[in-house]
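Structure assessment
For reference, the chains in residue letters:
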Amino acid sequence: MSLYKETLMKHFRNPEHKFELENFSKKQDGVNPSCGDNITLYTKINNSIIEDISYTGNGCAISMASADIMCEVLKNRDNGVNISLDFTSMLNGEDINFTNELEVLNVFKEMQNYPARKSCALLPWKTLTTLLNS
Amino acid sequence: MIKDDFPYFRNNNIVYLDSASTTQKPQIVLDSIMEYYTHYCSNTHRGSYNHGDKTTTKFEESRNYIKEFIGGRPKDTLIFTKGVTEGINLVANSYVKNNFKSVIISSLEHHSNITPWHMQGRTLGNGLEVIGYNKDLTIDLNHLEDLLKKNRDSFLSITHISNAFGILHPIKEIIDLSRKYNAKILIDGAQAANKLKLDMSWLQPDFYTFSAHKCYGPTGVGALYVNSSIINDLTPYQTGGAVIDRVSYKQSTYLPAPLKFEAGTQNIAGVIGFKKGVEYIKSVGFNNIKENEKKLIKIIYSEFNKIDGVTVWGDTHNMGNISFNVDGITPIDLGILLDKQKIAVRAGHHCAMPIMESLGIDGTLRISLGVYSNESDIQLFFSGLIKAIKILRG
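Calculation criteria
Residues numbered from 1 in each chain as written. Chains lettered and ligands numbered in written order. Predicted model: local features only at pLDDT ≥ 70, side-chain atom pairs only at ≥ 80, totals over all residues. Heavy atoms only, no water. Helix = DSSP H or I, 4+ residues; strand = E, 2+ residues; numbered from the N terminus. Rg over C-alpha atoms; globule rule 2.2 N^0.38 Å. Buried < 20%, exposed > 50% of the residue type's maximum accessible area, 1.4 Å probe, protein only. Contact = heavy atoms within 4.5 Å. Areas by Shrake-Rupley, 256 points an atom, 1.4 Å probe, with all protein chains shown as cover. Pairing = 2+ DSSP bridges. Axes fitted to C-alpha atoms, helices over the stretch in contact; angles between N-to-C directions. Parallel < 35°, antiparallel > 145°, perpendicular 65-115°, else oblique. Left-handed = near helix turned anticlockwise from the far one by under 90°. Polar contact = N/O pair within 3.5 Å; in protein donor to acceptor, adjacent residues only side chain to side chain. Domains from an automatic or database assignment. Buried area = accessible area lost by both parts, 1.4 Å probe. Salt bridge = Lys/Arg side-chain N within 4 Å of Asp/Glu carboxyl O. Nonpolar A, V, L, I, M, F, W, Y, C, P; charged D, E, K, R; others polar. Lys, Arg positive; Asp, Glu negative; His and termini not counted. Core = buried A, V, L, I, M, F, W, Y, C linked by side-chain atoms within 4.5 Å.

1. Quick notes on the overall build of chain B
Of regular secondary structure, chain B possesses 13 helices and 16 strands. Relative to the compact-globule value of 21 Å for 394 residues, chain B shows a C-alpha radius of gyration of 22 Å, a close match. Principal-axis analysis of the C-alpha atoms gives chain B an extent of 75 × 55 × 35 Å. Split into buried and exposed, the 394 residues of chain B put 56% on the buried side.

2. Considering the overall build of chain A
The helix and strand inventory of chain A stands at four helices and three strands. Ordered by position in the sequence, the α and β elements of chain A form the string α-β-β-β-α-α-α. Computed over C-alpha atoms, the radius of gyration of chain A comes to 14 Å, within 12% of the 14 Å expected from 2.2 N^0.38 for 134 residues, which places it in the range of a compact globule. For chain A, the C-alpha atoms occupy an extent of roughly 40 × 30 × 25 Å along the three principal directions. Looking at chain A as a whole, 50% of its 134 residues are labelled buried. If you take every contact in chain A between residues at least 6 apart in sequence, the share linking residues at least 24 apart comes to 57%. When the accessible area of chain A is evaluated, it comes to approximately 6,400 Å², of which 42% is carbon and sulfur surface.

3. Side note on the sheet that holds strand 12 (residues 310-312) of chain B
The strands making up a sheet associate through backbone hydrogen bonding, with each pair oriented either parallel or antiparallel. All names here are of chain B. Ordered in space as 12-13-16-15, the four strands form an open sheet in which the pairing is antiparallel. In this open sheet, the two edge strands, each paired with only one partner strand, are strand 12 and strand 15 (346-348). Here the strands of the sheet are splayed against their neighbours by 30 degrees on average, with no regard to which way each runs. Looking at chain direction, strand 15 and strand 16 (residues 364-368) are connected through three bridges and run antiparallel. Paired with Ala 347 across the bridge in strand 16 is Leu 365. Each of strand 12, strand 13 (321-326) and strand 16 is contacted by helix 10 (residues 286-304), which is oriented at about 10 degrees to strand 13, the strand it contacts most. Of the strands in this sheet, strand 13, strand 15 and strand 16 are in contact with helix 11 (residues 331-339), which crosses strand 16 at around 45 degrees.

4. A look at the packing of helix 10 of chain B against helix 13 (residues 375-393) of chain B
Residue and element names in this part refer to chain B. Running from N to C, helix 10 and helix 13 point in directions that differ by 20 degrees, and their axes come no closer than 10 Å. Considered as vectors, helix 10 and helix 13 are oriented roughly parallel to each other. With respect to the hand of their crossing, helix 10 and helix 13 are arranged in right-handed fashion. Residues Lys 295, Leu 296, Ile 299, Ile 300, Glu 303 and Phe 304 of helix 10 form the contact with helix 13, whose own contacting residues are Glu 375, Ile 378, Phe 381, Phe 382 and Leu 385.

5. Re the environment of Lys 214 of chain B
All names here are of chain B. By the element assignment, Lys 214 lies in the loop between strand 8 (207-211) and strand 9 (222-226). Note: C-alpha distance between Lys 214 and Arg 366 (152 residues apart in sequence) is 16 Å. With residues up to four places along the chain from it excluded, the contact list for Lys 214 reads Ala 20, Ser 21, Thr 23, Ala 190, Gln 191 and Asn 194. Among the polar contacts made by the side chain of Lys 214, one reaches the main-chain carbonyl oxygen of Ser 21 at a distance of 2.9 Å.

6. With respect to the domain arrangement of chain B
Residues and elements named next belong to chain B. Here chain B is described as being made up of domain 1 (2-25 + 285-393) and domain 2 (28-283). Just the C-alpha atoms count here: the centres of domain 1 and domain 2 sit 28 Å apart. The partner domain 2 presents 37 residues to the 38 residues of domain 1 that form the contact. Per-residue buried area on domain 1 facing domain 2 is highest for Lys 25, Phe 286 and Met 319; these three make up 26% of the total on that side. Of the charged contacts, one joins Lys 195 and Glu 293 as a salt bridge, the two residues approaching to 3.3 Å between their closest N and O atoms. Listed by contribution, the elements that provide at least two residues to the side of domain 1 that touches domain 2 are helix 10, strand 13, helix 12 (353-359) and strand 16. Taken together, the residues that form the side of domain 1 that touches domain 2 break down as 17 nonpolar, 16 polar and five charged.

7. Comments concerning the interface of chain B and chain A
Contacts between the two partners involve 15 residues from chain B and, on the opposite side, 14 residues from chain A. A buried area of about 1,200 Å², summed over both sides, lies between chain B and chain A, and 66% of it is on carbon and sulfur atoms. Summed over the shared surface of chain B and chain A, the number is one salt bridge. On inspection of chain B and its partner chain A, the count reaches five residue pairs in polar contact (both at pLDDT 80 or more). When contributions to the side of chain B that touches chain A are tallied by element, the ones reaching two or more residues are helix 11 and helix 13 of chain B. Here the side of chain B that touches chain A takes five residues from helix 13 of chain B, the largest share from any one element.

8. A few points about the sheet that holds strand 6 (residues 155-159) of chain B
Residue and element names in this part refer to chain B. Pairing is mixed across the open sheet formed by eight strands, whose spatial order is 2-9-8-7-6-3-5-4. Where the open sheet ends on each side, the last strands, each with one partner, are strand 2 (77-81) and strand 4 (123-124). For strand 7 (residues 184-188) and strand 8, the ladder comprises three bridges, and the chain directions are parallel. Considered in strand 8, the bridge of Ile 187 is made with Tyr 208. The sheet contacts of helix 3 (residues 50-69) involve strand 2 and strand 8, and relative to strand 2 the element is tilted by about 120 degrees. Across the face of the sheet, helix 6 (residues 141-150) comes into contact with strand 3 (103-106), strand 5 (127-131) and strand 6 while running at roughly 160 degrees to strand 5.

9. Some words on the side chain of Arg 122 of chain B
Residues and elements named next belong to chain B. Locating Arg 122 in the fold gives a position in the loop between helix 5 (115-118) and strand 4. Salt bridges are absent for the buried Arg 122, whose nearest opposite-charge side chain, Glu 129, sits at 9.0 Å. At a separation of 3.0 Å, a polar atom in the side chain of Arg 122 contacts the main-chain carbonyl oxygen of Lys 101. Here Gln 120 takes part through its side chain, which lies 2.9 Å from a polar atom of the side chain of Arg 122. Among all residues touching Arg 122, those that are not within four sequence positions of it are Val 96, Lys 97, Phe 100, Lys 101, Ser 102, Val 103, Trp 117, Gly 127 and Leu 128.

10. Focus on the nonpolar core
Judged by nonpolar contacts, the single largest core of 70 residues is most densely connected at Tyr 4 and Phe 108 of chain A together with Phe 381 and Leu 385 of chain B. When residues in this core are grouped by element, the largest group, ten residues, is from helix 2 (residues 61-74) of chain A. If sequence neighbours within four positions are ignored, Leu 385 of chain B has contacts with Phe 304, Ile 307, Phe 324, Leu 334 and Leu 338 of chain B. By size, the runner-up hydrophobic cluster in this structure holds 58 residues, among which are Phe 59, Ile 70, Ile 104 and Ile 187 of chain B.

Written out as structure tokens, the structure reads:
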């Protein structure tokens, strides 16, 4: 059951960032029409730096764990769009290895073997890209 | 053991609980298809040679056998189609299109009995009416009667057994009600023909349609029964070869029914396999099918009662398609974790999005039974389900 690794399950079962952020500066809804997974991202952005980020939503374990992990690694970063691009490329089979604080994202590499589930893992990242580009 | 009749189970160690989607195929079906392709492959109704005649005979034998299988009278018509979807589309275009102000459907319809009506520009309250449902998802017959009263001379198109929830509609009562208000009626028998002993001569609907692949036959073929009282009111909605009496540049004239509705070379191997599929059902016996399902459904309901946070949809008279949700867990996660344990079930909206929306859910996990389903399958399913829930809940 390698798709459902313990790291992912930990974030799905006990999410740390699943709540509506107080005094958020930007909010973005995202939905995966094929399965109904939905997410709302809340961010506080100052001078391009994501000072705080959280989410609410409903969906499968993969999409919710992906959202929680994304919030964890993006706090105090200013390169969300680039990380999102790299994450998408990794899921599409490119040989990308995240290091340091981003290392946890490598847990999603397995998703290359489950094309139908890629969209679940990507939902929060796509929503983030829309938010940052809006 | 019934599973031995099915090569799929010889080749796979899988608990298959998705027969509402498609059934597995017994060896006799596969043999009949192989025999056609390897021993007398030729086209129907045209050949001036022995194999052409043999193919035509086999094709028409299938038609007669399948018509008898559903209790059709000799004077009624059985048209071969690609399946239920084409059956409904054929009726929508050849019969209903400009002749009926209102079409009435139930809340439990498959998309194939919703979208053909949308294609005619019918929307809710504007040429399309939807019958309400009770708490246990059974049909609200009072609402149906209200709709029939308000929309006399309408067309009622309704499923016999719900694909998503296994609810059996009281079809004889519904047909009788439709007659009271001069409505014509089509029944989608996709989920019923493989488990109910049908008798068209007693039911007397205007149309009844079903698919071979849910009757242990091949994919891509089905049948549409048409009552003799209305067959002459249908006009073919597609044409081409095999349906023509005479053609000149001025005009075409058609062969009599059913041939005029079967344009182009038919799925001949499929039709031959279809007959073998229903022969197989007869050989197992409707009583045995019913008793086996009844026994398994009882176990299933009892096992679900032991798991916390499970909602099982529908009434307790389920016909073998059991849909459920587990609190806080999406059906797709459970479906994948069951697949990892070699248990095949269906996760999603089951092509019934409107009822899912009405229930406030995105979808369900559905287990559905076939003639080969047994107690061991159910035990393995529940141990797999409990394991999957443990992984997701921790």
